[in-house]
Every structure is written in C-alpha cells, then in structure tokens.
Amino acid sequence: SQKIEQNSEALNIQEGKTATLTCNYTNYSPAYLQWYRQDPGRGPVFLLLIRENEKEKRKERLKVTFDTTLKQSLFHITASQPADSATYLCASPNNQGGKLIFGQGTELSVKP
Amino acid sequence: EADIYQTPRYLVIGTGKKITLECSQTMGHDKMYWYQQDPGMELHLIHYSYGVNSTEKGDLSSESTVSRIRTEHFPLTLESARPSHTSQYLCASSEDLGTGGREAFFGQGTRLTVV
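Residues numbered from 1 in each chain as written. Chains lettered and ligands numbered in written order. Predicted model: local features only at pLDDT ≥ 70, side-chain atom pairs only at ≥ 80, totals over all residues. Heavy atoms only, no water.

Caption draft 1: Broad picture of the side chain of Thr77(B). Residues and elements named next belong to chain B. Among the structural elements, Thr77 can be located in strand 8 (residues 76-78). Engagement of the side chain of Thr77 in a polar contact is seen with the side chain of Thr20, the distance being 3.2 Å. Ignoring any residue separated from it by four or fewer positions in sequence, one finds Thr77 in contact with Lys18, Ile19, Thr20, Ser64 and Thr65. (Helix = DSSP H or I, 4+ residues; strand = E, 2+ residues; numbered from the N terminus. Polar contact = N/O pair within 3.5 Å; in protein donor to acceptor, adjacent residues only side chain to side chain. Contact = heavy atoms within 4.5 Å.)

What follows is the structure, encoded as structure tokens:
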C-alpha cells in the first residue's frame, strides 16, 4: 500500500543549530510533497510544497528537498529557535483519487 | 488565519448518544476532508468530499457518516457514540488536492471523549 514514513523518534537539538527531518514514501510516486507544522491540540498548518520536478525549495529559514531516486524529502530548519518546537508532518496525494495522506510526524524540540 | 471552523472544540458524551461535529469554511473550497488523529499518531482520512452531494469513505474505516448539502458545510455524525470513538477529529478543505498541489487548511479540531 502507498505509505509515507517519518522518523517517529523525537528530535532534540540546541538553539541555533539546523534541524533536519526525513520523509520517505513507498509504493507510489507523488506529484508533490507538502510539509505541515502541528502544535499540540491544534490542526496542522501548511508550510511548504515541493513538486517532483523541483530539487529544492526555500522559505525564510526553511528548506525542503525532493529526491525521487531515493523516494525521500528532507526538511531543514536553519538557525532553529525554541519557537520552532512542534510536530512536523509530511503529506502527499496518493494515486487513488489524489487523497492527501500523512506521515506520522516527527516531534522537534529546540532547547535554549 | 484559515477560514475553517469546527465546533465544538471539546465534547464529552455518554455511550450511545448521537453527536454531530460541525465544520464550516468560508473560502469556497470544493474539497473537504475529515481526519481522525489519536495522540502522537498520524492523521487518518475517514471521509472526503469533492463537492456538493459528493462524499466518499476514506482509508480508515469509520462508523461515522457525513453530508455535503452546501459547499461551506461538512458535518460528521455518529449515530451511537462508543468509547472507541474517543479521538481528535480534524476537518480540512482545499481548492485542489490533486496534481494542482494546493495546500489544505485545517480547523482547530474537535477533541471527542466518549465515556
């Protein structure tokens, strides 16, 4: 079945460092991948979208890459801040009607 | 701030009761979705709609039902709530979740507890 997998282990980093989160997909080829941020008790908020023909996308301190050979997307937060602490979700449309499916998310904790 | 609203935010209800979770959006989006999310777990799609009078089941089996009589409104109903229905329910909408690649806007969610 089509699946998105993220590292379920929480990522703990020091303020100012770069956080790198991984998203792997299996059994399909998404036209694009999306990244969302989710804070406890709230709905996800869209951050970035990268299409299959794009290698890299940037927005302020955020950078996303898309490697169709490795079937992987990397999400980077540079100069991380405690306010970046949240769960980050990877999502993409599946090949059955384009329904948006999500990975389980990676919890990021940035320590001051 | 996204213009998609869910009510109630929190609901504690007894077993066997009928409940309706409300979801409304003012963005004119055709696509609307319901996801179920347990704490620390991934979002599972339980219902989706491509437009008025169009609803389909998602990948995760759910005993809930939905309706889409108006573009802006996508309520979810549980005819007889059970403790196994305890979860967070998230509603989302989008202009296009196909190859167009538009983002989904989520409501704040409804935290349902069935006792």
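Caption draft 2: A look at the pattern of salt bridges. All names here are of chain A. With the rule as written, the count across this model stands at 8 salt bridges over all chains. Close ionic contact of Glu56 with Arg58 constitutes a salt bridge, the shortest N to O distance being 2.9 Å. Residue Glu56 is classed as partly exposed on the basis of its relative accessible area of 40%. Notably, a salt bridge pairs Glu56 with Lys63, separated by 4.0 Å at the nearest N-O pair. The network of salt bridges with shared partners includes Glu56, Arg58 and Lys63. (Salt bridge = Lys/Arg side-chain N within 4 Å of Asp/Glu carboxyl O. Buried < 20%, exposed > 50% of the residue type's maximum accessible area, 1.4 Å probe, protein only.)

Caption draft 3: Local environment of the confidence of the model for chain A. Confidence in the prediction of chain A, expressed as mean pLDDT, is 92, and 99% of residues score 70 or more. The secondary-structure element of chain A with the lowest mean pLDDT is strand 10 (residues 100-102) of chain A, recorded at 87, while strand 8 (residues 72-77) of chain A shows the highest, at 97. (pLDDT = per-residue confidence, 0-100.)

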